[in-house]
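Understanding the architecture of this molecule
In case you want the letters, here they are:
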Amino acid sequence: GIVAGVAGPGMIFSLLIAGFIAIFSAMSVSELGAYLPEEGGTYAYAQKLISPFAGFIAGWIWIFSNIFVGAAVSLGFAHYFVTIFPAVPVKLIGTVICLLFIGLNYIGLKESILFNNLLVTLKILILLFFVAFGLGFLNPGNFTPFLPEGPVGVLSGAALIFFAYTGFARVTIMAEEVKNPEYTIPRSIYLALGISTILYLLVGIVAIGLSGAPALAQSGSPLADAIKHTGSSGAVLVISLGAMIATASVLLTTIMGISRIVFSMGRSQDLPSQLNRIHPRFRTPHYAIAVTGACMIATLLLADITLAVAVSTFAMLVYYLIANIAALKLPLEHRHYPPWIPALGAVSCIGLIAFLNLHSWIIGCIGMLIGITWFVFGRKRALLHSAG
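Residues numbered from 1 in each chain as written. Predicted model: local features only at pLDDT ≥ 70, side-chain atom pairs only at ≥ 80, totals over all residues. Heavy atoms only, no water.

**Quick look at the environment of L49**
Within the secondary structure, L49 sits in helix α3 (residues 42-49). Sequence separation of L49 and L344 is 295 residues, and the distance between their C-alpha atoms is 19 Å. Filtering out sequence-adjacent residues up to four positions away, L49 remains in contact with L32, Y35, A326, K329, L330 and P331. (Helix = DSSP H or I, 4+ residues; strand = E, 2+ residues; numbered from the N terminus. Contact = heavy atoms within 4.5 Å.)

**Notes on the environment of L155**
Its place among the elements puts L155 in helix α7 (residues 150-161). For L155, a relative accessible area of 28% puts it in the partly exposed group. Dropping the residues within four chain positions of it, L155 is found in contact with I17, L352 and F355. (Buried < 20%, exposed > 50% of the residue type's maximum accessible area, 1.4 Å probe, protein only.)

**Here's the deal with the layout of surface pockets**
Volume-wise, the second largest pocket comes out at about 360 Å³. Lining the second largest pocket are 16 residues, and of these W60, I63, F64, I67 and C295 lie nearest its centre. Counting only elements with at least two residues in the lining of the second largest pocket, the list comes to α4 (52-84), α13 (286-302) and α16 (358-387). If you tally residues by element for the lining of the second largest pocket, the top one is α4, at five residues. Taken together, the residues of the lining of the second largest pocket sort by class into 13 nonpolar, three polar and no charged. (1 Å grid on protein atoms, 1.4 Å probe; cavity = no way out; pocket = protein on both sides within 12 Å on 5 of 7 lines; lining within 4 Å. Points joined across faces, edges and corners; volume = space filled by probe spheres on them. Nonpolar A, V, L, I, M, F, W, Y, C, P; charged D, E, K, R; others polar.)

**Side note on helix α14 (residues 305-328)**
Quick reminder: α-helices carry 3.6 residues per turn. Residues three or four places apart thus point the same way. Under the 1.5 Å per step criterion, the end-to-end length of α14 is 35 Å for 24 residues, consistent within 8% with the ideal 34 Å. Burial within α14 is extensive, with 19 of its 24 residues counted as buried. The backbone nitrogen of T306 lies 3.3 Å from a side-chain oxygen of the residue at the head of α14, namely D304. (Expected span 1.5 Å × (residues − 1). Polar contact = N/O pair within 3.5 Å; in protein donor to acceptor, adjacent residues only side chain to side chain.)

**Quick word on the pattern of salt bridges**
Under the definition given, this model contains one salt bridge. D225 is paired through a salt bridge with K228; the nearest N and O atoms lie 3.2 Å apart. Residue classification places D225 among the partly exposed positions, given a relative accessible area of 25%. Owing to a relative accessible area of 48%, K228 belongs among the partly exposed residues under this scheme. (Salt bridge = Lys/Arg side-chain N within 4 Å of Asp/Glu carboxyl O.)

**Observations regarding the side chain of S221**
The residue S221 is located in the loop between α10 (213-217) and α11 (222-227) in this model. Judged by its relative accessible area of 6%, S221 is buried. Those residues in contact with S221 that lie beyond four places of it in its chain are H79, Y80 and T83.

**A word on unusual backbone geometry**
Excluding glycine, a negative phi dihedral is what most residues carry, and trans is how most peptide bonds are arranged. Of note, the amide linkage connecting T144 to P145 takes the cis form, showing an omega dihedral of -10°. Here P145 is to be found in the loop between α6 (109-134) and α7. The phi torsion at Q269 lies on the positive side, around 65°, for a residue other than glycine.

**With respect to a nonpolar patch on the surface**
Residues L358, W361, I362, I366 and I370 make up a contiguous nonpolar surface patch of roughly 490 Å² in combined accessible area. Inspection of the secondary structure puts W361 in helix α16. Given the relative accessible area of 34%, W361 is considered partly exposed. (Patch = residues over 30% accessible without salt bridge, like charges linked within 9 Å, V, L, I, M, F, W, Y side chains within 5 Å. Areas by Shrake-Rupley, 256 points an atom, 1.4 Å probe, with all protein chains shown as cover.)

**Some words on the nonpolar core**
Core analysis: the biggest nonpolar cluster contains 117 residues, and F130, F168 and Y320 have the highest contact counts within it. Dropping the residues within four chain positions of it, F130 is found in contact with V203, V206, A207, L210, L223, A226, I227 and I239. (Core = buried A, V, L, I, M, F, W, Y, C linked by side-chain atoms within 4.5 Å.)

**A few points about α3**
Burial analysis of α3 places six of its eight residues in the buried class, which makes it a mostly covered element. All of the buried residues along α3 are T42, Y43, A44, Y45, A46 and L49. Against α2 (11-35), α4, α8 (170-173), α12 (233-267) and α14 lie the buried residues of α3.

**Quick word on the environment of L191**
Checked against the element boundaries, L191 lands in helix α9 (residues 181-211). Residue classification places L191 among the partly exposed positions, given a relative accessible area of 43%. Between the alpha carbons of L191 and G157 there is a distance of 24 Å; along the sequence they are 34 residues apart.

**Section: the packing of α2 against helix α15 (residues 340-353)**
For the pair α2 and α15, the least separation of the axes is 8 Å and the interaxial angle reads 130°. It follows from the interaxial angle that α2 and α15 lie oblique. Crossing of α2 over α15 shows left-handed handedness. Where α2 abuts α15, its residues I21, F24, S25, M27 and S28 lie against W340, I341, P342, L344, G345, S348, C349 and L352. (Axes fitted to C-alpha atoms, helices over the stretch in contact; angles between N-to-C directions. Parallel < 35°, antiparallel > 145°, perpendicular 65-115°, else oblique. Left-handed = near helix turned anticlockwise from the far one by under 90°.)

Spelled out as structure tokens, the structure:
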């Protein structure tokens, strides 16, 4: 919905451009994951291949980005929830769903994975239903004018919609919990990226064809409002439930991934060592889950969904910029791709950052400055305290 307001029906091109740019970063991350299957993802790669400071910034910016991801998808869930129960406040529902998934991650990874597998299966089936059912009601007039804001609108849309692609590297954050990581990590990255891109394009085309870009842009629950044009109240209910399932599954894996990198950084003493503690019964990094969950809830209470998406995308593009630089540093014998692949990945990340709005730049830079301040002053004191 947000991207439709920026790019119009040209959002379809925005999706293609963002997906194409994501491929280069995915190739870099996949070869890094195969080379160094350690908990922490790019945090670990940058630390060992670039410098401890680059590693810290990668880890910090991942945490910062995913706090905003969690806030955005919690608010997305809430907007669809109120299409069914309109009397309930959006922020209240966002807070409640966030608390529920913090609790699920707290009690154990096995339970979280089983639940997530169910959510992913259901959401794909419901998205396919949206596409199949909506195809018969498309209005060709909704695709004109196709590029109301011209190429700048399409590129600005690509920068924002990159948000939807950023999760492909999440598996690398939990590499130590993955079986046969040298094979599984690259395979899962490419499958996730490929399947997601196809689904995004199909859903985007049908959504625009049903209701038009201006209507999508003004809606907090765009897929539910789009399917209303079929005249089927049953379809609206199914799609609203599907959208809640989709956002819930992203929230679950976001909390799972962010807590693991906080745990990894606590273990390396880049963050306070208390975050490295494991719950004696549930065997989960309970402090890391609680702290990052609290930050997520605070963010969703203070920000709207548009700002949360923009800030998260800014931070994640910085994260993938660092990943591409780390891939350029890989030993020759461990490279799967020529060096121009990560070079293009780095340049394209910088290019997309340039098309994000000023607010995302300001908040993103403040977040990075806080991280740098901790690295220079707080981390040093913590290490001295630990040594003493």
